[in-house]
Amino acid sequence: MTPRQLRLLRAASASTVATTLAAVSHTIAGGAAPHPLLVVAMASFLVPLAAVLLGARASRFRVAATVLVSQTLFHAVFQVLGAPTGTAIVSGHQHH
């Protein structure tokens, strides 16, 4: 496996983990569960960003930064789109 392929694989893994954590956290916090296609689209959309943030050699700091940035973007998209599944948003989802 070439270094470029390995970098892309690490980026896809980090993006998938961040997507799953963001979707589950958003739902547990009281928001509507995001549509599965939205989750896949967001994970795919952020793979190039994750590849840039991870760099040629992934360190703990770079992985943590990648997951943090990805989760922030995922949460913002989930909030902006509201309830793409067509269900009502639970009233308990509040930001403090």
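Refer to the structure above for everything that follows.
The model shown is predicted, which means the values in this text are computed figures rather than measured ones.

On the surface, a nonpolar cluster with roughly 330 Å² of combined accessible area is contributed by Met1, Leu6 and Leu9. Mapping Met1 onto the fold places it in the segment before helix 1 (3-28). Here Met1 falls in the exposed class, since its relative accessible area comes to 73%.

For the rest of this paragraph, the subject is helix 1. Each α-helix turn comprises 3.6 residues. Residues three or four places apart therefore point the same way. For helix 1, which comprises 26 residues, the first-to-last C-alpha distance of 37 Å matches the rise-based estimate of 38 Å (1.5 Å per residue) to within 8%. Ala11, Ala14, Ser15, Ala18, Thr19, Ala22, Ala23 and His26 are the residues of helix 1 that are buried. Of the surrounding secondary structure, the elements contacted by the buried residues of helix 1 are helix 2 (36-45), helix 3 (47-54) and helix 4 (60-81).

On to the environment of Ala51. Within the secondary structure, Ala51 is located in helix 3. Ala51 gets classed as buried once you look at its relative accessible area, which sits at 14%. It is 8.7 Å that separates the C-alpha atoms of Ala51 and Leu9, two residues lying 42 residues apart in sequence. When near neighbours in sequence (up to four residues on either side) are disregarded, Ala51 contacts Arg7 and Ala11.

Basis of the calculations
- Residues numbered from 1 in each chain as written.
- Predicted model: local features only at pLDDT ≥ 70, side-chain atom pairs only at ≥ 80, totals over all residues.
- Heavy atoms only, no water.
- Patch = residues over 30% accessible without salt bridge, like charges linked within 9 Å, V, L, I, M, F, W, Y side chains within 5 Å.
- Areas by Shrake-Rupley, 256 points an atom, 1.4 Å probe, with all protein chains shown as cover.
- Salt bridge = Lys/Arg side-chain N within 4 Å of Asp/Glu carboxyl O.
- Helix = DSSP H or I, 4+ residues; strand = E, 2+ residues; numbered from the N terminus.
- Buried < 20%, exposed > 50% of the residue type's maximum accessible area, 1.4 Å probe, protein only.
- Expected span 1.5 Å × (residues − 1).
- Contact = heavy atoms within 4.5 Å.

Shape is all these values report; function is a separate question.
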